[in-house]
Amino acid sequence: MSRPWPVLSGGLAVVVLAPLALIVFVALAMLGASPAMACTISPSSVSPEATAAPAGWPDQGSWNSEQVSNAATIVTVGAELHLPRYGWEIAVATAIQESTLRNLGDLGEDNDHDSLGLFQQRPSQGWGTPEQILDPRYAARKFYERLVKVDGWQTMPLTRAAQAVQRSAFPDAYAKWQPEAQQLVALISEGMNIVCSSDGGDGLPPLDDAGLLDGFLLPADPQLRAVVSFALTQRGKPYVWGAEGPDSYDCSGLMMAAWAEAGVRISRVTADQVHSGVAVSSLAAMRPGDLIFIPGSDGTMTRPGHVGMYIGVDRSGRQYLIQAPKTGDVVKVVAVSNWSHQVAAIRRPKP
């Protein structure tokens, strides 16, 4: 389905956008979404007829108003279906690759078979009638319906999840749009005042910060020392979903920023970080800087949704990690033993 469209610069400026009134509650079981993941768009309306696509969005960088509005429709439908933010990012990145966020009709000789709309869905392959596919809300919903049927999509790299839905002739094309999709989703979420009851938090009772550990020493390795030192200097900063610093972080944003301090680039989201680097066999085999994954508030053991970083041991040999726990909490150090019964994976980023 994909076409090798020219690269567009996402260069998005942060602006204050008027909240849009739109919310439709749907049965969670229809898409297999978790009841814990509930999003509302404020101010809300419970009217089933309130389904008009968002409109009136200003241009953002190289994205014009029409393109941003189409991305907002995709995000809106994802929120209505109670899908996690990562799903919205997959959908927006896919639409960028397929149509540059334009609702394309029949292009004649330039058409890829009978592909239409934001996602270049094909009537001949069961996506719907041409009229349905050219309705952005319908097209987005059909994309999400197929996405959630992909086993493990929440922990797949974005390009693999998109390809599992689209089955494109250009299977690696989606990855390059992930940063711009993340920017657009963040911009739209803020502009529409989307609030989700689950935001990738640790799902655990609040824990006190362990403070400075008795006998704790920073790693001797210069690179690992830089990673751990940076993470520790962020203690006390608030958890904000989607934040990457410098004043606030979510769990994966903190991990990415800490490793970037040592010149190592890792993926942005937990779902991708759990595939980064190499696997570590056990808690006993960890070294400082390793990433520890747990299900968190909206994941499972096979699809973890929360991450922290191992930092070392105290004088008695007790292991500790640093994490950004959840909304309303701050970056803190806690004992690994608080997580040990639910560790889903341990990964070591590659320098």
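Structure report, in brief. (Residues numbered from 1 in each chain as written. Predicted model: local features only at pLDDT ≥ 70, side-chain atom pairs only at ≥ 80, totals over all residues. Heavy atoms only, no water.)

With that settled, consider the sheet that holds strand S8 (residues 345-348). Strand order in the open sheet made by the six strands is S3-S8-S4-S5-S6-S7, with antiparallel pairing throughout. The open sheet has two free edges, formed respectively by strand S3 (278-279) and strand S7 (332-335), since each of these has just one partner strand. Against the sheet, helix H8 (residues 222-233) touches strand S5 (306-313), strand S6 (319-323) and S7, its axis set at about 110° to S5. Lying over the sheet, helix H9 (residues 251-261) contacts strand S4 (291-294), S5 and S6, oriented at roughly 50° with respect to S5. (Pairing = 2+ DSSP bridges. Helix = DSSP H or I, 4+ residues; strand = E, 2+ residues; numbered from the N terminus. Contact = heavy atoms within 4.5 Å. Axes fitted to C-alpha atoms, helices over the stretch in contact; angles between N-to-C directions.)

What follows concerns the pairing of S7. Regular strands show a simple pattern: their side chains alternate between the two faces of the sheet. Taking every second residue as pointing to the same face, both faces of S7 are buried, with Lys-332 and Val-334 on one and Val-333 and Ala-335 on the other. In the sheet, S6 pairs with S7 via four bridges, with the strands oriented antiparallel. Along S7, the bridge assignment pairs Leu-321 with Val-334. (Buried < 20%, exposed > 50% of the residue type's maximum accessible area, 1.4 Å probe, protein only.)

Helix packing for two helices is described by the angle between their axes and how far apart those axes are. Orientation of H8 relative to H9, taken along the N-to-C sense of each, is 135°, at an axis distance of 7 Å. By the angle between their directions, the pair H8 and H9 is classed as oblique. The two elements H8 and H9 meet at a crossing, and its hand is right-handed. In this structure, H8 contributes Leu-224, Ala-226, Val-227, Phe-230 and Ala-231 to the contact, and H9 contributes Ala-257, Ala-258, Trp-259 and Glu-261. Class assignment for the residues of the contact of H8 with H9 results in eight nonpolar, no polar and one charged. (Parallel < 35°, antiparallel > 145°, perpendicular 65-115°, else oblique. Left-handed = near helix turned anticlockwise from the far one by under 90°. Nonpolar A, V, L, I, M, F, W, Y, C, P; charged D, E, K, R; others polar.)

Attention shifts here to the environment of Asp-59. Locating Asp-59 in the fold gives a position in the loop between strand S1 (39-41) and helix H2 (65-80). Note: C-alpha distance between Asp-59 and Ser-69 (ten residues apart in sequence) is 9.4 Å. Other than its neighbours up to four places away in sequence, Asp-59 contacts Asn-64 and Ser-65.

Ile-74, Ile-90, Val-92, Phe-119 and Tyr-144 are the most contacted members of the largest nonpolar core, which has 47 residues in total. Beyond its immediate chain neighbours, meaning those up to four positions away, Tyr-144 contacts Ile-74, Val-75, Val-77, Gly-78, Leu-81, Leu-83, Gly-87, Trp-88 and Ala-91. One finds Cys-251, Ala-257, Ile-266 and Ala-345 within the second-largest nonpolar core, a separate group that totals 32 residues. (Core = buried A, V, L, I, M, F, W, Y, C linked by side-chain atoms within 4.5 Å.)

The next subject is unusual backbone geometry. Only a minority of non-glycine residues have a phi that is not negative, and only a minority of peptide bonds are not trans. Looking along the chain, the bond that leaves Gly-245 and enters Pro-246 is cis, with omega of 0°. Along the polypeptide, Pro-246 turns up in the loop between H8 and H9. Notably, Thr-100 is not glycine yet its phi reads approximately 50°, a positive angle. By the element assignment, Thr-100 lies in the loop between helix H3 (85-99) and helix H4 (130-133). Overall, Thr-100 belongs to the buried group, its relative accessible area being 5%. With a phi close to 55°, Gln-120 is a non-glycine residue in the positive phi region. Structurally, the position occupied by Gln-120 is in the loop between H3 and H4. Overall, Gln-120 belongs to the buried group, its relative accessible area being 0%.

Nothing here speaks to function; it is all geometry.
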